[in-house]
Amino acid sequence: MGIKGLTKLIADEAPEAIKEHKVEHYNGRTVAVDASMAIYQFLIAIRHGSGGAAASQLTNEAGEVTSHIQGLFNRTIRMLASGIKPVFVFDGKPPTLKGGELDKRREKREKAESELKKAQEEANVEEQDRQSKRLVRAGKKESADCKKLLELMGVPWLEAPCEAEAQCAALAKIGKVYAVATEDTDTLTFATPRLLRNMTSAGDNPIKEIDYKKMLEGLGLTHAQFIDLCILMGCDYTSNIRGIGPKSALTLIKKYGDIEHVLENISKGKYQVPPEWLPRIKVRKPSSLPPSAPPSVSPVEEGDKAMPGDENACKTAEVDSKAGMEGEKEEGIKAAAIVAREVAPDEPAKSVEGEVMEMPAYVMARALFVQPEIHDPAELNFKWVEPNEAGLEAFLIDSLGFNPDRVKSGIAKLKASRGAMQQKRLDSFFKPSGSSSTSSTTLKRKEAPAAAKGKGKAKFGGKKK
DNA sequence: ACTCTGTGTCTAGACGTG
DNA sequence: TGACACAGAGT
DNA sequence: CACGTCC
């Protein structure tokens, strides 16, 4: 999803942060690409005739989908032909979300499934098409296909421990890549210095580049405030406050500095803060403590449980795994907003014996943005090597049934772009002006393991402590 | 009168030929 | 998923 | 440029 309405807000409030460049501007530069998102888009976009029978994807004779391979093959060649050196970053395990968000996601999915079934019974082709698109996902199989393809093409890739966007941002921050190409705006929330949009689609139409520093200046925010702004506006990790959109969020953050102080100052009558945004205490049942609220805290005033859609499913998975989930008692705490801020963002705080303070949802979201799980970008090095011609032909032609002429012409372009790449190095040796690697000066070249070959996947879930 | 939010809608890649 | 237009609530 | 095809 990204951050709701962020693009428009930037265009309105910090237009100087957006510049347009032609593709040539990126000649010789390294760009991290969110592979999972690209795969998803290929799967949705590359299909035949939405007219006649239900639209279907491209497949080989065995019926395996090849749309994503077709798309990635072409796009990668296109980038290389423009002199852009892509690194593809795949998603790892999905992040830990608040229960409420997971439920919403599941509900949407189930709804799409039932709508699809209904459309099939009614033979409503249009509706079938629409709903089946909503069910498309970039799964493990598709990712594996694409990794194999990239290796054969001699293009580096890497699998992030968790979210690709976070890993891309980390690479860009230390200059390992010049920019990140994605349509997903929460890449900015990870402080990507340069975000490229519109990298897709044909030749000469300009690429929009968003400059992170200029964006902060234009909005008049610090990085920490920008993160809070994004959470208020609505991000993937938590729900947001009804009635607060982009404009109000920006105004409030500028006025009060952070979410804690926004919550203290907004009228509780006007806005309904989601229950999971309030700090809550979980009390362990078996303990000898009285089941009521602890003495040192006072319950929050009105409107805690008055929420219409209040499932009590809004629990933090991390907390659940530790404390048993039976019979927890939830109480809002007035003063605890401040306490929660000082708590280590990764760990539930123990306030009193037998009690675990559950972090407010926005604090968890903040932690996911501030300290995402990533591979140390300094340890990663990328190489663009000669394509494996025989391997590509075997994979694409023999195994997937691609048109031999198209494959061969693709390979020819690959080789040509490699030649141009080498030539550019020589040029920049003599004329070091507009060259790419700003990084090589500051980074000691490590002899680290060449670009992650699918192994060494960091464990998720295991919270480092 | 104006501003903002929340709702719905539509759409989503790249190539080669004519 | 995102971008856009429009309606409706709120100021 | 629009349109059909890619598998």
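The residue numbering used here restarts from 1 in each chain and proceeds along that chain's sequence as written. The lettering of chains begins at A and the numbering of ligands begins at 1, in the order of writing. Side-chain atom pairs in this predicted model are given and counted only at pLDDT of 80 or more, local residue features only at pLDDT of at least 70, and totals for whole chains, interfaces and linings cover all residues. With hydrogens and water excluded, all non-hydrogen atoms of the structure serve as input to the side-chain values.

An unreviewed UniProt entry lists chain A under the name Flap endonuclease 1, from Nannochloropsis gaditana. UniProt positions are given in the numbering used here, feature names are shortened, and annotations may be inferred rather than shown by experiment. As stated in UniProt under Sequence similarities (unreviewed entry), the record for chain A gives "Belongs to the XPG/RAD2 endonuclease family. FEN1 subfamily." Under the heading Subunit (unreviewed entry), UniProt records this for chain A: "Interacts with PCNA1 and PCNA2. Three molecules of FEN1 bind to one PCNA trimer with each molecule binding to one PCNA monomer. PCNA stimulates the nuclease activity without altering cleavage specificity."

Draft legend 1. View of the environment of Arg406. Secondary structure is summarised from DSSP: a helix means a run of H or I of at least four residues, a strand means a run of E of at least two, and numbering begins at the N terminus for each. Looking at the element boundaries, Arg406 is found in helix α17 (residues 404-430). When its relative accessible area of 61% is taken as the criterion, Arg406 is described as exposed. Through-space distance from the C-alpha of Arg406 to that of Ala181 is 26 Å; in sequence the pair is 225 residues apart. Burial classes follow relative accessibility: with a 1.4 Å probe on protein chains only, a residue under 20% of its type's maximum area counts as buried, one over 50% as exposed, and anything between as partly exposed.

Draft legend 2. Structural view of the environment of Leu58. Along the chain, Leu58 falls in the loop between α2 (35-45) and α3 (67-81). When the C-alpha atoms of Leu58 and His68 are compared, they prove to be 8.8 Å apart, with 10 residues separating the residues in sequence.

Draft legend 3. Quick look at the protein's contact with DNA strand D. Close contacts around DNA strand D come from Arg47, His48, Leu58, Thr59, Asn60, Thr66, Gln70, Leu400, Gly401, Phe402, Asn403 and Arg406, and that covers them all. Polar contacts here mean pairs of N or O atoms no more than 3.5 Å apart (in protein, one a potential hydrogen donor and the other a potential acceptor; neighbouring residues in sequence count only if both atoms are side-chain atoms). Taking His48, its side chain carries an N or O atom lying 3.2 Å from a base nitrogen of DNA strand D. Within the contact set of DNA strand D, a base oxygen lies 3.1 Å away from a backbone nitrogen or oxygen of Thr59. Each residue gets one label: Ala, Val, Leu, Ile, Met, Phe, Trp, Tyr, Cys and Pro are nonpolar, Asp, Glu, Lys and Arg are charged, and the others, such as Gly, are polar. Of the residues contributing to the surface near DNA strand D, the split by class is 3 nonpolar, 7 polar and 2 charged. Note on terminology: near, applied to a residue and a molecule or strand, indicates that one of the residue's heavy atoms is within 4 Å of it.

Draft legend 4. View of the packing of helix α6 (residues 140-153) against helix α16 (residues 389-399). Fitted lines through C-alpha atoms serve as axes, helices being fitted only where they are in contact, and the angles separating the N-to-C directions of these axes extend from 0 to 180 degrees. Contact geometry for α6 and α16: axes closest at 8 Å, N-to-C directions at 150°. One way to sum up the angle between α6 and α16 is to call them roughly antiparallel. Both α6 and α16 take part in a crossing whose hand is left-handed. For the pair α6 and α16, contact is made by Asp145, Lys148, Leu149, Leu152 and Met153 and by Gly391, Leu392, Phe395 and Leu396, respectively. Here the contact of α6 with α16 is built from residues that sort into 6 nonpolar, 1 polar and 2 charged. Throughout, the term roughly parallel applies to angles under 35 degrees, roughly antiparallel to angles over 145, roughly perpendicular to angles from 65 to 115, and oblique to all others. Crossing handedness is read from the near helix: turned anticlockwise from the far helix by less than a right angle, it gives a left-handed crossing, and turned clockwise, a right-handed one. The contact criterion used throughout is that any non-hydrogen atoms of two residues lie within 4.5 Å.

Draft legend 5. Seen up close, the pairing of strand β2 (residues 30-34). The element β2 is largely enclosed, with a buried count of 5 among its 5 residues. Side chains of β2 alternate between two faces, with Thr30, Ala32 and Asp34 and Val31 and Val33 buried alike. The rule for pairing is simple: two strands pair if DSSP sees at least two bridges between them. Relative to strand β3 (residues 85-90), β2 is paired through 5 bridges, and the arrangement is parallel. By the bridge assignment for β3, Val33 is matched with Phe88. Across 3 bridges, the pairing between β2 and strand β5 (residues 179-181) is parallel. The residue bridging Ala32 from the neighbouring strand is Val180, located in β5.

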